[in-house]
Amino acid sequence: MAARRDRRAFLKLAVVTSGLTVAGLYGSDFMQMANASVNSMKLQSISNIDSMNSDWQIPHLLRRAGFGASPDELLFYQNLGISGALDRLLNFESIDTSNLPTEPDITMELEKKPTLGEVNNLVWWWVNRMINTPRPLEEKMALFWHNHFATAIYKVRSPFLMFKQNELLRSKGMANFRDLLMGVSEDPAMLIWLDGARNRKGIANENYGREIMEVFTIGVGNYTEDDVKAAARAFTGYQIDKAGNSYFNPKLHDDGTKSFLGQTGNLGMEDVVSTLASHPATARNISRELFTFLAYDQPSSEILDKLQNVYMSTDGNIKAVVEAILKSDEFWSENAHLNQVKGPVDFVVSALRSLGATVNPNSVVYTLRVMGQLPFNPPSVFGWPSGTAWISTSTMLDRYNFPLLIDPTTATSLENRQTVDEVSKVLFPEGLPSDVLQTIQQSTDSLVNSSEKLRNIIRLTMASPFYNLN
């Protein structure tokens, strides 16, 4: 399976980068720990899922449908059982979020040139929500859609508009795909990102008309160049006012006859969006992307057939597809467990959420920037890479350095936890194998200061393949 190959590829890279990049800086502990982890992972990867400790299930669910959990949060979900945990994660609308900041510290209006400080404040606002939200799946889905409808501030150049788009993705991220796609299509940030605001009658800009099909819905091979031209004409007339709101200007709209995917008439944005949202190819592509995000890569045709049917039978209900994935046998299989490489956002947010530690916001933003996954700034319309693309000599060094920014004395989850096993379980609840624990213990024994001991355990646990895999 592709998932197993991804795990093996990561393990090989982890050993190489641990040895060549970090051992010279921190000593041989990383190399010993990585090798111990690899040997243990090999044993685990060939064991039957039924023989695994049952305690793996809720941590697995919370990593995939969220960003891990503190020990108290983990215990809360374990007491609910799998069925109860799924119900709470999926049906989060009634859960109070008044503890979260509703707006970032930015200028809530259009700016010609945003400051770096405002961009950092915007990024931290969302990262802070991921760390502290009582609705983890809501934020995880917002992250999924941010990558799917990848829009970057380097072109939009407005923290305010990026914030508004983020709110849209959060509010509609588990609703009907047609409504989400319509919202994104007329979203001011997207109108700038893919030149929709420059799309006018007589001088149609085909950028969004192409990307909505190639990247966002039906995919290459399911449309023609004539469909691209027709979609572009249908999308003409959308503008952005001085307050940062989009509006439709009929004077700039091409109201002529158009033919799009077999439909002919005076088609507008709603017609094109509805046609694409209800297309079987869209149902299959969205199902594939959601399954890959939540479970593992390259799902079988049988799995996709089931999910596509859920999408089509519910008129594109995103929540129904997500629920079908999270309740599927495949999600709870060995192929899904510890078979995704954590992206930088998952790596950082999971640690801070699990530990309950405070850290300098600017340091977090800087870390995500150098790791290559700065929220609100994906590299292109295709979003960020995934899997072992996150692992290289330089990025592994950044991962090993991040725990040094965490003050373990602020970690509320570490209260009354001192041993290697106790501390490492905060970050990896299933428990590290004995040989890995022994390697971390040997490294920690040479330290005297209790804070240094905690930081060392955190550092080496986060360096292990176990933590770096979801």
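Remember, it's a predicted structure, so these values are computed and weren't measured experimentally. (Residues numbered from 1 in each chain as written. Predicted model: local features only at pLDDT ≥ 70, side-chain atom pairs only at ≥ 80, totals over all residues. Heavy atoms only, no water.)

### Looking at the overall build of the protein chain
Move 1: Counting its regular elements, the protein chain contains 23 helices and four strands.
Move 2: Per-residue burial over the protein chain gives 57% buried out of 470 residues.
Move 3: If you take every contact in the protein chain between residues at least 6 apart in sequence, the share linking residues at least 24 apart comes to 74%.
Move 4: With the model as given, the accessible surface of the protein chain reaches about 18,800 Å², and the carbon-plus-sulfur share is 49%. (Helix = DSSP H or I, 4+ residues; strand = E, 2+ residues; numbered from the N terminus. Buried < 20%, exposed > 50% of the residue type's maximum accessible area, 1.4 Å probe, protein only. Contact = heavy atoms within 4.5 Å. Areas by Shrake-Rupley, 256 points an atom, 1.4 Å probe, with all protein chains shown as cover.)

### Observations concerning the pattern of salt bridges
Move 1: Taken as a whole, this structure holds 16 salt bridges when the rule is applied.
Move 2: The residue Lys 155 makes a salt bridge to Asp 195 at a minimum N-O spacing of 3.0 Å. In this pair, Lys 155 is assigned in helix 7 (residues 153–156) and Asp 195 in the loop between helix 10 (188–193) and helix 11 (207–214), connecting sequence segments 40 residues apart.
Move 3: Assessed through its relative accessible area of 31%, Lys 155 is described here as partly exposed.
Move 4: Arg 178 serves as the salt-bridge partner of Asp 315, at 3.2 Å between the closest nitrogen and oxygen. Of this pair, Asp 315 sits in the loop between helix 15 (301–313) and helix 16 (318–326) while Arg 178 is found in helix 9 (residues 177–185), placing the two residues 137 residues apart along the sequence.
Move 5: Relative accessible area serves as the criterion here: at 21%, Arg 178 is assigned to the partly exposed category.
Move 6: Look at the salt bridges and you will find they share partners, linking Arg 129, Glu 139, Glu 167 and Arg 170 into a network. (Salt bridge = Lys/Arg side-chain N within 4 Å of Asp/Glu carboxyl O.)

### Let's talk about the layout of surface pockets
Move 1: What the second largest pocket holds in volume is close to 260 Å³.
Move 2: Lining the second largest pocket we find 15 residues, and of these Leu 74, Gln 78, Lys 425, Pro 429 and Glu 430 sit closest to its centre.
Move 3: Put simply, the parts of the chain that give the lining of the second largest pocket at least two residues each are helix 4 (71–90) and helix 20 (420–427). (1 Å grid on protein atoms, 1.4 Å probe; cavity = no way out; pocket = protein on both sides within 12 Å on 5 of 7 lines; lining within 4 Å. Points joined across faces, edges and corners; volume = space filled by probe spheres on them.)

### Quick look at empty space enclosed by the protein
Move 1: The full count for this structure, using the stated rule, is three cavities of 30 Å³ or more.
Move 2: Empty space within the largest cavity amounts to approximately 120 Å³.
Move 3: Surrounding the largest cavity, 16 residues form its lining, Arg 63, Gly 68, Ala 69, Leu 427 and Pro 429 being those nearest its centre.
Move 4: Secondary-structure elements contributing two or more residues to the lining of the largest cavity are helix 3 (57–64), helix 17 (344–355), helix 20 and helix 23 (465–468).
Move 5: Among the elements that make up the lining of the largest cavity, the one with the highest residue count is helix 3 (three residues).
Move 6: Its residues assigned to classes, the lining of the largest cavity shows 11 nonpolar, three polar and two charged.
Move 7: Computed from the structure, the second largest cavity encloses a volume of approximately 50 Å³.
Move 8: Partitioning the lining of the second largest cavity into residue classes produces five nonpolar, five polar and no charged. (Nonpolar A, V, L, I, M, F, W, Y, C, P; charged D, E, K, R; others polar.)

### Considerations on the environment of Leu 194
Move 1: Inspection of the secondary structure puts Leu 194 in the loop between helix 10 and helix 11.
Move 2: Between the C-alpha atoms of Leu 194 and Val 381, which are 187 residues apart in sequence, the distance is 8.6 Å.
Move 3: Residues contacting Leu 194, with those up to four places away along its chain left out, are Asn 205, Asn 207, Tyr 208, Glu 211, Phe 216 and Val 381.

### Some details on the packing of helix 14 (residues 280–294) against helix 16
Move 1: Where helix 14 meets helix 16, the closest approach of the two axes is 10 Å, and the angle between their N-to-C directions is 45°. Viewed along their axes, helix 14 and helix 16 adopt a mutual orientation that is oblique. Remark: the crossing between helix 14 and helix 16 carries right-handed chirality. Contact residues: helix 14 offers Ser 287, Leu 290, Phe 291 and Leu 294, while helix 16 offers Ile 318, Val 321, Val 322, Ile 325 and Leu 326.
Move 2: Per-class residue counts for the contact of helix 14 with helix 16 are eight nonpolar, one polar and no charged. (Axes fitted to C-alpha atoms, helices over the stretch in contact; angles between N-to-C directions. Parallel < 35°, antiparallel > 145°, perpendicular 65-115°, else oblique. Left-handed = near helix turned anticlockwise from the far one by under 90°.)

### A few points about the confidence of the model for the protein chain
Should pLDDT be low for a region, the predicted coordinates there are not to be read in detail.
Move 1: Overall, the predicted model of the protein chain reaches an average pLDDT of 90, with 89% of residues at or above 70.
Move 2: Scored below 50 in pLDDT, residues 15–27 shows 28 contacts in the model against residues more than four places distant or in partner chains.
Move 3: Contacts of residues 45–53 to residues separated by more than four positions or lying in other chains number 11 contacts, the stretch itself having pLDDT below 50. (pLDDT = per-residue confidence, 0-100.)

### Digging into the packing of helix 5 (residues 116–132) against helix 18 (residues 361–371)
When two helices pack together, their arrangement is captured by the angle between the axes and the distance separating the axes.
Move 1: Remark: helix 5 packs on helix 18, axes separated minimally by 9 Å, with the N-to-C direction vectors making an angle of 90°. It follows from the interaxial angle that helix 5 and helix 18 lie roughly perpendicular. For the pair helix 5 and helix 18, contact is made by Leu 116, Asn 120, Val 123, Trp 124 and Val 127 and by Pro 361, Asn 362, Val 364, Val 365, Leu 368 and Arg 369, respectively.
Move 2: Taken together, the residues that form the contact of helix 5 with helix 18 break down as eight nonpolar, two polar and one charged.

### Considerations on helix 4
Move 1: Helix length check: helix 4, at 20 residues, gives a terminal C-alpha distance of 21 Å against a target of 28 Å (1.5 Å per residue), a shortfall beyond 12%.
Move 2: At Gly 81, helix 4 shows its maximal bend, which comes to roughly 120°.
Move 3: Residues of helix 4 that are buried include every one of Pro 71, Glu 73, Leu 74, Tyr 77, Ala 85, Leu 86, Leu 89 and Leu 90, and no others. (Expected span 1.5 Å × (residues − 1). Bend = angle between axes of the 7 residues up to and from the residue.)

### Describing the packing of aromatic side chains
Move 1: What the rule picks out here adds up to 20 aromatic pairs.
Move 2: Taken together, a centroid distance of 5.5 Å and an interplanar angle of 85° make the contact between Phe 76 and Tyr 77 edge-to-face.
Move 3: Overall, Phe 76 belongs to the partly exposed group, its relative accessible area being 38%.
Move 4: Consider the rings of Trp 125 and Phe 163, whose centres lie 5.1 Å apart with planes at 75°: the pair is edge-to-face. (Phe/Tyr/Trp six-rings, centres within 6.5 Å; stacked < 30°, edge-to-face > 60°.)

### Quick word on unusual backbone geometry
Move 1: Positive phi, close to 55°, is recorded for Leu 338, a residue that is not glycine.
Move 2: On the secondary structure map, Leu 338 appears in the loop between helix 16 and helix 17.
Move 3: In this structure Leu 338 comes out as buried when scored by relative accessible area, which is 0%.
Move 4: In this model, Phe 376 sits at a positive phi of 75°, which is unusual for a non-glycine residue.
Move 5: Locating Phe 376 in the fold gives a position in the loop between helix 18 and helix 19 (393–401).
Move 6: Its relative accessible area of 3% is what places Phe 376 among the buried residues.

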